[in-house]
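# A look at the structure
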Amino acid sequence: MSDVLSMPARKPLLEVRNLVTEFPLRTGVFRAVNDLSFSIEAGKTLCVVGESGSGKSVTARSILQIVDAPGQIASGSIMLNTADGVSIDLAKLHPRSKAIRAVRGRDIAMIFQEPMSSLSPVHTVGDQITEAIRLHMKMTKDEARAEAINLLRQVEIPNPELAIDRYAFQYSGGMRQRAMIAMALACRPKLLIADEPTTALDVTTQAEILDLIARLQKQSGMAVLFITHDMGVVAQIADDVLVMHHGVAKEYGTVEQIFHSPQDTYTKMLIGSVLKLEQKAEIRLARPPLDQTAPPILEVRNLSQQFGTVKALDNVSISLLPGETLGIVGESGSGKTTMGRAIMRLYDPSAGEMLYRKADGSVVDLAKIEGEELKKARRELRMVFQDPFGSLNPRMTVAQVIGEPLLVNGIARGRELDDRVSHLMEQVGLDPRGRERYPHAFSGGQRQRIGIARAITLNPRIIVADEATSALDVSVRFQVLDLLMKLQDQLGLAYIFISHDIGVIRYMCDRVGVMYRGKIVEVGEAEKVCNAPDHPYTQALLSAIPRPDPRDRDRSRRFRYVEPAPVKNGSAGR
Amino acid sequence: MLKFIGKRLLWMIPSLFAVSFLAFVLIQLPPGDYVTTYIATLAASNEVVDQNTATQLRERFGLDDPLLVQYGKWMWGILSSGDFGISFEWQQPVSGLIWERMALTLVLAIASLLATWAIALPIGVYSAVKKYSIGDYAFTAFSFFGLSVPSFLLALVLMYVAAVEFGADVGGLFSQEYETAPWSIAKMVDLMTHIWLPVTILAVSSTASLIRVMRANMLDELPKPYVTTARAKGLSEFRLLTKYPMRIALNPFISTIAWLLPNLISGSVVVAIVLNLPTAAPLLLQALMAQDMYLAGAFVLLICALTLIGSLISDILLAMVDPRIRLE
């Protein structure tokens, strides 16, 4: 322990200086974090913000020395200054040493992005929390259990006495993250590192978790290192902000400075892309208004979809005009994905009809047709998926992926197929020379372009895009959204655009349907629904979205929608 | 849970009937019957059996009855009085022949299972944690060696080495003086001094594949976020490995119990013959070749019952250790 020095008081809690974390590769060394310096004061929140591959997660893991193999800290120092005047350089400790293990969980605790997979599936939540307590504190099993129940109560888990013996998969997403927080707080750490803790959660749940962290932080005076890609969240919670890009710090300053007088071009771009989502796209504003009197290309009437006892869609009616973008917005479990898949007739609906007007003016009911007729209709309705990695076959070249619909339907082959694939790739802004390469050679945004090219291969008339830009970084998201709108105008497409992100919907859509528990609670002009909605659920949804302005931090505005209980036989329900 | 077990037990009854019937039919399928084989054997040693004797034999064994009647009689015997019929070849009740052999087979099977797990699981974990280290490569080389060497060859080599170099008494599970002796402490000790050889041989080949499976399972689990969570708590690497990823990587092994029992019986035929083991496998083979159908049928029925019980045990164990199965 030669690194233990006595330091004068009033040092920042954590001081990172010239940190370099490297991953040795076959072809050399990849520097995930390059010469990074920052510090965190006790009781304050530092947000590290950046897009995927910026090294923000590796930075967080470097502090606890839990970087995934073969990554390791190459140089720099990470000084932890505790209140009793002891300073430890965490960077000098061996990742398996007792000294670093004593810091983990006790002085510095961490929570992660995926609360489901971050908790063991075969141990009870209580087991995992008491383990953390007994690891660093001298407590008997019973004391630790009582303490764990206490912690669960602190993070507002209902019935903590029962919940402690449940498993993670019996919790909802928000509850899992609360349990993670309870576990992290078990030994009252001085620093909480939160690695994208709300990214996998709905906005209303996100807002509640952020509130919870803020409240606990105030109570205990702990510092928070918050890693996120969401500028809205940063604006709401940060004291200081560190902007990272490709492992390098682009800008480091107070939240006020970063949002209202950013110096770096990358920071400006990040903030610009968030502000862009506050209004409609320029392409859309420049477009002549749609013909509202045209007969709808698709009319969904009283559609219901039952899975066992669950009503995923409950008497849904909505229509789509030719050339229109209809947004479907809602939280997880609202039935929006089911809606998209039902329209593609990937399910057999339980009730209702989906009237599709073909190019020649005749109308077919997508809910009823079978065989050849359905095949034909499916050529005109295509889908773009959320996951640009999982939705492309890794063993097919890009040319095969894009050309497959043409080949399967016997439309083109040989040289003609090749020409059409090249043309499609140009249309979506990809270099056709890359057509013999495999999907892994492309970035997330490029892959999503491949997915779009595949969708427009058969000259469809309707495209269902299910969270098509959710997995993309903000800077790429706009390129893909703009591409979709450009293609819409060129090819006269109608879009059903499913998303949980009101910003994206506002930017892109003409009209919006808001879904809640399988029902459409509100339909209207995008402008109106996204800015001044009528239904209380939509209002609650909007209130939970973190505003990308640190000067606008009013948490009291936020509220959660509670469905009015149905009145039974004159007596009020629970 | 109890309801589930009860239901599974009830389902075992029709399954056993179906399999026993199928086994019965299959044993009868080759042309001829036991008497034909018997006559052929006698003819080989220049003894001639006249037609009358053959007919008498057939009548006595009930071989002229239709298949269904024969099956019905056999089943009735088992169900009403636990009588598995008479072995034609040994001229003894089947039940007297099989129980001891089945018991020894089980002892051997369980001993090799334990040996296999004791060797393979730690090595598999080590190989996964120290991926691409010298140790990993060494164990990988050993696994492929174990996989590719046929077990009967290993049996021959080990027998030779043990007998010639160390003068050990190899072959069989007992020394001569204990073979027919009743069970006693001394006989148990004798069994222990013999059983290590077949256990080693049977364990080597299954150890090899098990190491690979355990390594792959662990490699799947190690990069999971819950492992990082546990590390971030400050758990030591050893406690972390044993409590989290190993626990989950073991689940697939529990499901293998189901086919382990029949595998050890039918899979060890060659080894059992080479080592002259008094287990079920050689007797079953002999019975099948001689079309000694009651004896063979009884074995098949028992193996089938073991498989069903094995899969029930593995399902119950799996539900006990994995709450996702128990509660969802």
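Residues numbered from 1 in each chain as written. Chains lettered and ligands numbered in written order. Predicted model: local features only at pLDDT ≥ 70, side-chain atom pairs only at ≥ 80, totals over all residues. Heavy atoms only, no water.

### Some words on the overall build of chain B
Check the secondary structure of chain B and you find 15 helices and two strands. Counting only C-alpha atoms and orienting by the principal axes, one finds that chain B spans roughly 85 × 55 × 40 Å. The long-range share in chain B, meaning contacts at least 24 apart out of those at least 6 apart in sequence, stands at 73%. Accessible surface for chain B amounts to roughly 17000 Å². Of this, 70% is attributable to carbon and sulfur atoms. (Helix = DSSP H or I, 4+ residues; strand = E, 2+ residues; numbered from the N terminus. Contact = heavy atoms within 4.5 Å. Areas by Shrake-Rupley, 256 points an atom, 1.4 Å probe, with all protein chains shown as cover.)

### Considerations on the overall build of chain A
Scanning chain A from N- to C-terminus turns up 20 helices and 21 strands. On the principal axes, the C-alpha backbone points of chain A span a range of 85 × 70 × 45 Å. Split into buried and exposed, the 574 residues of chain A put 55% on the buried side. Once local pairs closer than 6 in sequence are excluded, the contacts in chain A between residues at least 24 apart make up 68%. Total accessible area on chain A stands at roughly 25300 Å², and carbon and sulfur atoms take up 50% of it. (Buried < 20%, exposed > 50% of the residue type's maximum accessible area, 1.4 Å probe, protein only.)

### Re the interface of chain B and chain A
At the interface, 23 residues of chain B touch 29 residues of chain A. Summed over both sides, the interface of chain B with chain A buries roughly 2300 Å², with 62% coming from carbon and sulfur. Counting every contact that joins chain B to chain A gives four salt bridges. Here E237 of chain B and R96 of chain A are joined by a salt bridge, their closest N and O atoms 3.7 Å apart. Applying the counting criterion to the chain B and chain A interface returns ten residue pairs in polar contact (both at pLDDT 80 or more). Where the side of chain B that touches chain A is concerned, the elements lending two or more residues are α9 (225–233), α10 (237–243), α11 (245–266) and α15 (323–327) of chain B. With seven residues, α9 of chain B is the single largest residue contributor to the side of chain B that touches chain A. (Buried area = accessible area lost by both parts, 1.4 Å probe. Salt bridge = Lys/Arg side-chain N within 4 Å of Asp/Glu carboxyl O. Polar contact = N/O pair within 3.5 Å; in protein donor to acceptor, adjacent residues only side chain to side chain.)

### Details of the domain arrangement of chain A
All names here are of chain A. Along its sequence, chain A is carved into domain 1 (1–107 + 192–215 + 223–278), domain 2 (114–188) and domain 3 (292–547). Here the C-alpha centre of domain 3 lies 37 Å away from the C-alpha centre of domain 1. Taken together, the contact between domain 1 and domain 3 spans 17 residues of the former and 17 residues of the latter. Both faces considered, domain 1 and domain 3 share a buried interface measuring about 1700 Å² in area, 56% of it formed by carbon and sulfur atoms. Taken as a group, D202, V203 and L277 account for 35% of the area that domain 1 buries against domain 3, more than any other trio of residues on that side. Run the count over domain 1 and domain 3 and you get one salt bridge. Put simply, R547 and E278 hold a salt bridge, and the shortest N to O gap is 2.9 Å. For the pair domain 1 and domain 3, the number of links is seven residue pairs in polar contact (both at pLDDT 80 or more). (Domains from an automatic or database assignment.)

### Thoughts on the sheet that holds strand β20 (residues 511–516) of chain A
Backbone-to-backbone hydrogen bonds pair the strands of a sheet. The strands run either parallel or antiparallel. Residue and element names in this part refer to chain A. Read from one edge to the other, the open sheet built from six strands follows the order β17-β18-β19-β14-β20-β21, with strand pairing classed as mixed. Strands with a single pairing partner mark the edges of an open sheet, and in this sheet they are β17 (381–384) and β21 (519–525). Averaged over neighbouring strand pairs, the angle between their axes works out to 20° when direction is ignored. Pairing of β17 with strand β18 (residues 462–466), which is carried by four bridges, proceeds in the parallel orientation. Note on β18: the bridge partner recorded for M383 is V464. Across the sheet, helix α17 (residues 474–491) lies against β14 (325–329) and β19 (494–499), angled at about 160° from β19, the strand it touches most. (Pairing = 2+ DSSP bridges. Axes fitted to C-alpha atoms, helices over the stretch in contact; angles between N-to-C directions.)

### Side note on the side chain of S311 of chain B
Residue and element names in this part refer to chain B. Looking at the element boundaries, S311 is found in helix α14 (residues 293–321). With relative accessibility at 17%, the residue S311 sits in the buried group. Only 2.9 Å separates the side chain of S311 from the backbone oxygen of L308, close enough to count as a polar contact. For S311, the residues in contact, after removing those within four places along its chain, are R8 and A258.

### A few points about the packing of aromatic side chains
The final tally for this structure, using the stated rule, is 13 aromatic pairs over all chains. Relative to Y561 of chain A, the ring of Y516 of chain A lies with its centre 5.1 Å away and its plane at 80°, an arrangement referred to as edge-to-face. Of the two residues, Y516 of chain A sits in strand β20 while Y561 of chain A sits in the segment after α20 (536–544), which places them 45 residues apart along the sequence. The two residues Y516 of chain A and Y561 of chain A agree in class, both being buried. Ring centres 5.0 Å apart and planes at 80° place the aromatic pair F21 of chain B and Y71 of chain B in the edge-to-face group. In this pair, F21 of chain B sits in helix α1 (residues 2–28) while Y71 of chain B sits in helix α4 (residues 67–81), placing the two residues 50 residues apart along the sequence. Judged by relative accessible area, which is 9%, Y71 of chain B ranks as buried. Counting every residue linked through ring pairs, the aromatic cluster contains F21, Y71, W74 and Y294 of chain B. Over the aromatic face of F478 of chain A sits the side chain of K276 of chain A, whose NZ or CZ is 4.7 Å from the ring centroid. (Phe/Tyr/Trp six-rings, centres within 6.5 Å; stacked < 30°, edge-to-face > 60°. Lys NZ or Arg CZ within 6 Å of the ring centre and 35° of its normal.)

### Some remarks on the domain arrangement of chain B
Residues and elements named next belong to chain B. You can read the domains of chain B as domain 1 (1–85 + 290–311) and domain 2 (98–251 + 267–280). Inter-centroid distance (C-alpha atoms) of domain 1 to domain 2 is 34 Å. Each partner contributes to the interface: domain 1 provides six residues, whereas domain 2 provides four residues. When domain 1 packs against domain 2, close to 540 Å² is buried across both sides, 96% of that on carbon and sulfur atoms. Broken down residue by residue, the surface that domain 1 buries against domain 2 is led by F299, L302 and L306, which jointly contribute 75%. For the pair domain 1 and domain 2, the interface holds zero residue pairs in polar contact (both at pLDDT 80 or more). The residue makeup of the side of domain 1 that touches domain 2, split by class, is six nonpolar, no polar and no charged. (Nonpolar A, V, L, I, M, F, W, Y, C, P; charged D, E, K, R; others polar.)

### Thoughts on helix α7 (residues 151–165) of chain B
All names here are of chain B. Relative to the 21 Å expected for 15 residues at 1.5 Å per residue, α7 spans 20 Å between its end C-alpha atoms, a close match to the ideal helical length. All of the buried residues in α7 are L154, A155, M159 and A162. The arc that holds every buried residue of α7, seen down its axis, measures 130°, which confines them to one face. Exposed side of α7, more than 90 degrees from the buried face: Y160 and E165 are the residues found there. Packed against the buried residues of α7 are α8 (185–221) and α12 (269–274). G167 sits one or two positions beyond α7 and adopts a positive phi of about 65°. (Expected span 1.5 Å × (residues − 1). Arc of directions from axis to C-beta.)

### Concerning the pattern of salt bridges
Applying the stated rule across the entire model yields 40 salt bridges over all chains. Across the salt bridge formed by R215 of chain B and D136 of chain B, the nearest N and O atoms sit 2.9 Å from each other. Note that R215 of chain B is positioned in helix α8 and D136 of chain B in helix α6 (residues 134–148), a separation of 79 residues in sequence. Between D322 of chain B and R324 of chain B there is a salt bridge whose closest N-O contact spans 3.0 Å. One salt-bridge network, held together by shared partners, links D127 and E131 of chain A together with K233 and K243 of chain B.

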